[in-house]
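A look at the structure
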Amino acid sequence: MNLLREKIKYIDFVSMAIVAVLAVFSVIMVGSTTISTFGFWTRDTIVQTGAYLIGLACLCFIVATGYTYLNGLRKNFYILSLVLLFLVYIPGLGIEQFGARSWITLGFTTVQPSELVKVLFVLIMAEYLDKHREDLYNFSGLIRAGLVAAPIIIIVLKEDLGSALVFSTMWLAMIFYAGIEMKVFVKFLALIAVCIPPAYFFMAQYQRERIAAFLHPDNLSLKGNYQVWESKIAIGSGGVFGKGLFHGTQKELKFIPVQKSDFIYSVIVEELGLIGGLIVIALFAILLIRFMRICLDAVDLYGALIVVGFIGMFVFQIFENIAMTMGLMPVTGITLPFLSYGGTSIISNMMALGFIMAVGARRKSQNY
């Protein structure tokens, strides 16, 4: 407890305050989508609150213990990541939702392993790049860095295109920060471009349907387009100031799809209007700027790479989620960090925040 008290005074309180606001807002908006005759506190709002409390406990533990002792556990994290991802294929344990087999059931709740693996993936790549930074100056070294990430990304891609894109974005952000040569990266992009067409034919049917829907947005017969159309109606009908909290009609009539998680931003804008939507974006922008400052001030490359990896994760998820509610990006099932419903997602986001705070706290503690 004394160690935690010592470390807490060095964390970024502005970032923590923003996340606290998002947490309260998240519970309120989840409550808005699930409120019933029994009141605001439904199972979903209780689960969301519980996930934040568990996530806060994880954050405190990470800040108290730091992150440097994890440097050297890459192989252990790699094995753990693969085990977690393969759990979804165990009969009776793995379950299918929304066309993807990405969840495991614990009886009283479900868990999405890929959310937890995101945290492990950043730690794996941060350690690898910290020890093999010079390898990125040549093409073969970049390929080796890609092969480290490829097994995890490919396994995730089989069931969840959206999460695979998040992993790929984290990897790209980290190798760029580690100092990749641009001419080497151009060669790598050419290799990826060659692989994309054949990769399409290995995608699941629902993944192909989502891509087709994005390319033909006016065809409401394509799966997913009708839901996006309803989402855009909800966003447009909110106007500047919205219809009022708990008074969204598109939400109330259940026209907005997966409204407590994937499309929660549509509910926010319908009920709180353009102003509410911009406030959410502004909070995310300030939060990401604070994270970037922590990254630039990190005392070691390993810590900086950890922060960069999580920045990549948050940036892509925020952009993709908000853009897909407006039809600007394909529907991929990616949640909006710190706002969407989902216990595993909230806990992994809070763990990521814990590592970022730990990196910042180490830098500040060395300045005193």
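These numbers come from a predicted model, not from an experiment.

**Topic: the overall build of the chain**
- Looking only at helices and strands, one finds 14 helices and 3 strands in the chain.
- Over its C-alpha trace the chain gives a radius of gyration of 21 Å, about what one expects of a compact globule, namely 21 Å for 368 residues.
- Each principal axis of the C-alpha distribution contributes one length, and for the chain these read about 55 × 55 × 45 Å.
- Among the 368 residues that make up the chain, the fraction classed as buried is 51%.
- Contacts in the chain between residues far apart in sequence, at least 24 positions, make up 70% of those at least 6 positions apart.

**Structural notes on the pattern of salt bridges**
- Here the structure, examined in full by the defined rule, presents 10 salt bridges.
- D12 is the partner of R290 in a salt bridge, and the nearest nitrogen-oxygen pair spans 2.9 Å. Here the residue R290 occupies a position in helix 12 (residues 264-296), and D12 occupies one in the loop between helix 1 (2-8) and helix 2 (13-34), the gap between them amounting to 278 residues.
- Here K251 makes a salt bridge to E252, at a shortest N to O gap of 3.7 Å.

**Some thoughts on the environment of I175**
- On the secondary structure map, I175 appears in helix 7 (residues 161-178).
- By relative accessible area, I175 is classed as buried at 0%.
- Separated by 115 residues in sequence, I175 and C60 have C-alpha atoms that sit 29 Å apart.
- Not counting chain neighbours up to four residues away, the residues in contact with I175 comprise L129, L136, L142 and I180.

**Here we look at the nonpolar core**
- With 108 residues, the main nonpolar core has L129, F310, F314 and F338 as its most contacted residues.
- The leading source of residues in this core is helix 13 (residues 301-325), at 15 residues.
- Residues within four places of F310 in sequence aside, it is in contact with K118, V119, V122, A352, F355 and I356.

**Quick word on the packing of aromatic side chains**
- What the rule picks out here adds up to 6 aromatic pairs.
- Consider the rings of F291 and F314, whose centres lie 6.0 Å apart with planes at 35°: the pair is tilted. Taken together, the positions of F291 in helix 12 and F314 in helix 13 put the pair 23 residues apart, joining distant regions of the chain.
- Each residue in the set F291, F314 and F338 is aromatic and connected to the rest through ring pairs, giving one cluster.

**Structural notes on unusual backbone geometry**
- At F246, a residue that is not glycine, the phi angle is positive and equals roughly 75°.
- If you trace the backbone, F246 turns up in the loop between helix 10 (225-237) and helix 11 (249-252).
- A relative accessible area of 32% means that F246 is categorised as partly exposed.
- Phi at F338 takes a positive value of approximately 70°, unusual for a residue other than glycine.
- Topologically, F338 is positioned in the loop between helix 13 and helix 14 (343-365).

**As for the side chain of D160**
- Tracing the sequence through the fold places D160 in the loop between helix 6 (139-159) and helix 7.
- Relative accessible area serves as the criterion here: at 11%, D160 is assigned to the buried category.
- A distance of 3.4 Å separates the side chain of D160 from the side chain of Q112, its partner in a polar contact.
- Within the structure, D160 has its side chain in polar contact with the side chain of S163 (distance 2.7 Å).

**Focus: helix 12**
- Taking 1.5 Å of rise per residue, 33 residues should cover 48 Å, yet helix 12 covers just 32 Å from first to last C-alpha, more than 12% shy of that figure.
- Of all bends in helix 12, the biggest is about 130°, found at G273.

**A short note on the packing of helix 12 against helix 13**
- With their axes 11 Å apart at the nearest point, helix 12 and helix 13 run at an angle of 165° to one another. Classed by the angle they form, the pair helix 12 and helix 13 counts as roughly antiparallel. Handedness of the crossing formed by helix 12 with helix 13: left-handed. Along its contact with helix 12, which presents Y265, S266, I281, F284, L288, F291, M292, I294 and C295, the element helix 13 presents A304, V307, V308, I311, F314, V315, I318, N321, I322 and T325.
- Tallied by class, residues from the contact of helix 12 with helix 13 come to 16 nonpolar, 3 polar and no charged.

About the cut-offs
- Throughout, a residue's number is its position along its own chain's written sequence, starting from 1.
- Whole-chain, interface and lining totals are the exception, using all residues; otherwise, since this is a predicted model, local features are given only for residues with pLDDT of at least 70 and side-chain atom pairs are given and counted only at 80 or more.
- Remark: hydrogens and water are excluded; side-chain values derive from all non-hydrogen atoms of the structure.
- Helix and strand labels come from DSSP, where a helix needs a run of H or I of at least four residues and a strand needs a run of E of at least two; each type is numbered from the N terminus.
- C-alpha atoms define the radius of gyration, and 2.2 Å times the number of residues to the power 0.38 defines the globule rule.
- Only protein chains enter the area calculation, which uses a 1.4 Å probe; residues under 20% of their type maximum are buried, those over 50% are exposed, and those in between are partly exposed.
- In this analysis, two residues are considered to be in contact whenever any of their non-hydrogen atoms come within 4.5 Å of each other.
- We define a salt bridge as a side-chain nitrogen of Lys or Arg found within 4 Å of a carboxyl oxygen belonging to Asp or Glu.
- As used here, the term nonpolar core means buried Ala, Val, Leu, Ile, Met, Phe, Trp, Tyr and Cys residues forming a set that is joined through side-chain atoms within 4.5 Å.
- Each pair of aromatic rings taken from Phe, Tyr and Trp, with Trp reduced to its six-membered ring, is defined by centres within 6.5 Å and is described as stacked if the planes are under 30 degrees apart, edge-to-face if over 60, and tilted in the remaining cases.
- Side-chain atoms alone can form a polar contact between residues adjacent in sequence; in general such a contact is a pair of N or O atoms within 3.5 Å, and within protein one must be able to donate a hydrogen while the other accepts it.
- A helix is expected to span 1.5 Å multiplied by its residue count minus one.
- At every residue, the bend is computed as the angle between two fitted axes, covering the seven residues ending there and the seven beginning there respectively.
- Every axis corresponds to a line fitted to the C-alpha atoms, with the helix fit spanning only the stretch in contact, and the corresponding angles, defined between N-to-C directions, vary from 0 to 180 degrees.
- Here the word oblique covers every angle except those under 35 degrees (roughly parallel), over 145 (roughly antiparallel) and from 65 to 115 (roughly perpendicular).
- When the near helix sits turned anticlockwise from the far one by under a right angle, the crossing is termed left-handed; a clockwise turn instead gives a right-handed crossing.
- The nonpolar class holds Ala, Val, Leu, Ile, Met, Phe, Trp, Tyr, Cys and Pro. Asp, Glu, Lys and Arg form the charged class, and all remaining residues, Gly among them, are polar.

Keep in mind these numbers describe shape, not what the thing actually does.
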